Amino acid sequence: MNIQQDIRTQMMETVKTVKKIKPMAGSITNTVTINFVANAQLAVGGSAAMVYLPDEGAAIAKAGSAMYINVGTMFPLYEESLPLTAKTLYENKKPWVLDPAAIGIGEMRTNMLMRFKEYKPSIIRGNASEIIALAGLWSLEGGTGKSKVRGVDSTDRVCDAEEAAAALARWTSGAVAVSGEVDFITDGSMSAYSYGGSVFMEKITGAGCSLGGVMAVYSAVASPFIAALTGAAIYNVAGKRAAKKAEGPGYFQIIFLDELYKASAADIAGHEFILKDMQ
Ligand SMILES: Nc1ncnc2c1ncn2[C@@H]1O[C@H](COP(=O)(O)OP(=O)(O)OP(=O)(O)O)[C@@H](O)[C@H]1O
Ligand SMILES: Cc1ncsc1CCO
Ligand SMILES: [Mg+2]
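Cut-offs applied
Residues numbered from 1 in each chain as written. Chains lettered and ligands numbered in written order. Predicted model: local features only at pLDDT ≥ 70, side-chain atom pairs only at ≥ 80, totals over all residues. Heavy atoms only, no water. UniProt positions renumbered as here; feature names shortened; annotations may be inferred. Axes fitted to C-alpha atoms, helices over the stretch in contact; angles between N-to-C directions. Helix = DSSP H or I, 4+ residues; strand = E, 2+ residues; numbered from the N terminus. Parallel < 35°, antiparallel > 145°, perpendicular 65-115°, else oblique. Left-handed = near helix turned anticlockwise from the far one by under 90°. Contact = heavy atoms within 4.5 Å. Near = heavy atom within 4 Å. Polar contact = N/O pair within 3.5 Å; in protein donor to acceptor, adjacent residues only side chain to side chain. Areas by Shrake-Rupley, 256 points an atom, 1.4 Å probe, with all protein chains shown as cover. Nonpolar A, V, L, I, M, F, W, Y, C, P; charged D, E, K, R; others polar. Core = buried A, V, L, I, M, F, W, Y, C linked by side-chain atoms within 4.5 Å. Buried < 20%, exposed > 50% of the residue type's maximum accessible area, 1.4 Å probe, protein only. Phe/Tyr/Trp six-rings, centres within 6.5 Å; stacked < 30°, edge-to-face > 60°. Lys NZ or Arg CZ within 6 Å of the ring centre and 35° of its normal.

- Under an unreviewed UniProt entry, the name given to the protein is Hydroxyethylthiazole kinase, and the source organism is Megasphaera paucivorans.
- Annotation of the protein in UniProt includes, under Function (unreviewed entry), the sentence "Catalyzes the phosphorylation of the hydroxyl group of 4-methyl-5-beta-hydroxyethylthiazole (THZ)."
- Turning to the protein, the UniProt record has this under Cofactor (unreviewed entry): "Mg(2+)".

Here is the structure:
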C-alpha cells in the first residue's frame, strides 16, 4: 500500500471510530462561537463540554479523551484556568488542540500563549497569520516578532506559513494545521494540502474555531497528523457541498452543520489531498 492510500485508510478509520465511540473533548473556547464549536463536535459524532473555571478545566482535562483550548476572548479568570488546564493535559498525556485566535491582542493573551509552549499542544490550528505569529512568539523558525494578525483574520497566505507550521510541529512533536482556501497540515516531516471548502467559510464566524474542536474529537482516536488532516478533509467536503445549496452565509452556516453530520468515511475515500515530504 502506498503512503497516500495508507493515510486515507487511517482517516476513514478515524471518522468511523469517532461515530462509534463518541469521544468527549471538552473545551475552553471563545464566547463568540462556543455554541457552533459544540454543535460541530456533536455533528461528527463526538461529545462536547464547555467550561470556564480552573478546577473544571483540570477535571474535564482528566475526564475527557482530548481537549480544545481557544484564546479568542479572554477573561481574568482564564489567567488561572488556562495554564492549569494545559498543564493537566500535558502531565496526563491527553491530546489537546490550541487555537491561538487573535494572537497579538493584549498582554494576558500573549502571556497565556507563551505559557503553552512548555505544555506542547498536540495540534495547533490557526489561520496563516496566527501560525506565523505563534512561531514568532515561541522564537521558532518562520515566525515574525511582529504579528500581522488583523483581529482574528489572516493577512498572510497559507503558503507563507509553511515554515512556521513545520517549526511549531517539530517543537511540539505534534501537528499544525493552517487553514485557508487550501489547508496545509504538517507534522514537521510529512505535510498535506487539503482542497475544498467554500468562500462562505470566510463570511461566517467560527468555521476555524469549530474545526479546532472537531480536530480535538478526532485526536482522541488518531495521531495528531491524522486527526488534523481528517478534520480539514471533512470540513472541505462539507463546506463544498453546503455552498452548492446556499445563497449566503446565514443559510450556509445551517446547511454546513447538516453536511458535516452527513459526511462519512466513504466521502473521505473520494477527497482530494496531496502529500509532500518536508525532509
Ligand atoms: N477561501 C476559502 N475557500 C475555501 N475554504 C475556505 C476558505 N477560507 C477558509 N476556508 C475553510 O474554512 C475553515 C476555517 O478556516 P479559516 O481560515 O477561515 O479559519 P479562521 O480564520 O481561524 O476562522 P474563525 O476564526 O472565524 O473561526 C477551514 O476548513 C478552511 O478550509
Ligand atoms: C470574531 C471573534 N472575536 C474573538 S474570537 C472570534 C471568533 C473567531 O475567531
Ligand atoms: Mg480563528
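## So, the packing of helix α3 (residues 54-63) against helix α4 (residues 78-91)
Logical step 1: Viewed as axis vectors pointing N to C, α3 and α4 meet at an angle of 20 degrees, and their least axial separation amounts to 8 Å. On the basis of their axis angle, the class for α3 and α4 is roughly parallel. As for the relative orientation of α3 and α4, their crossing is right-handed in sense. Side by side, α3 and α4 meet where Pro54, Gly57, Ala58, Ala61 and Lys62 of the first sit next to Glu80, Ser81, Leu84, Thr85, Thr88 and Leu89 of the second.

## Focus on the site of ligand 1
Logical step 1: Around ligand 1 there are 20 residues in total, and Arg125, Ser179, Asp183, Glu202 and Gly208 lie nearest to it.
Logical step 2: Between Ser198 and ligand 1, the recorded distance is 3.2 Å, taken from a backbone N or O atom to a nitrogen atom.
Logical step 3: If ligand 1 stood free it would expose 630 Å²; the protein chains cover 91% of that surface.
Logical step 4: Breaking the shell around ligand 1 down by element, the ones donating at least two residues are β5 (123-127), α8 (207-219) and α9 (224-245).
Logical step 5: The element contributing the most residues to the shell around ligand 1 is α8, with 4 residues.
Logical step 6: Within the shell around ligand 1, the residues separate by chemical class into 6 nonpolar, 10 polar and 4 charged.

## Here we look at the nonpolar core
Considering soluble globular proteins, one finds that nonpolar side chains tend to be buried as a cluster.
Logical step 1: Within the largest apolar cluster, 52 residues are counted, with the highest numbers of intra-cluster contacts made by Phe225, Ile234, Tyr235, Phe256 and Leu260.
Logical step 2: Looking at this core, the element that brings in the most residues is α9, giving 12 residues.
Logical step 3: Every residue in contact with Phe256, bar those within four places of it in the chain, is listed here: Phe36, Met201, Tyr235, Ala238, Gly239 and Ala242.
Logical step 4: Met74, Met108, Ala135 and Tyr193 belong to the second-largest nonpolar core, a separate cluster that totals 41 residues.

## Re the packing of aromatic side chains
Logical step 1: Scanning the entire structure with this criterion turns up 9 aromatic pairs.
Logical step 2: Look at Trp96 and Phe116: their rings are 5.4 Å apart centre to centre, the planes differ by 70 degrees, and that puts the pair in the edge-to-face class. Here Trp96, found in strand β4 (residues 96-99), pairs with Phe116, found in the loop between α5 (107-115) and β5; they are 20 residues apart in sequence, far enough to count as distant.
Logical step 3: For Phe116, a relative accessible area of 0% gives the class buried.
Logical step 4: Ring centres of Phe252 and Phe256 lie 5.9 Å apart, and the angle between their planes is 25 degrees; on these two criteria the pair is classed as stacked. Placement of the pair is Phe252 and Phe256 together in helix α10 (residues 249-262), with a separation of 4 residues, close to one helical turn. Exposure class is identical for Phe252 and Phe256. Each is buried.
Logical step 5: An aromatic cluster of at least three residues, connected via ring pairs, comprises Phe36, Phe200, Tyr235, Phe252 and Phe256.
Logical step 6: Lying across the ring of Trp171, Lys117 places its NZ or CZ 4.7 Å from the centre.
Logical step 7: Of note, Lys120 hangs over the ring of Trp171, and the distance from its end group to the ring centre comes to 4.4 Å.

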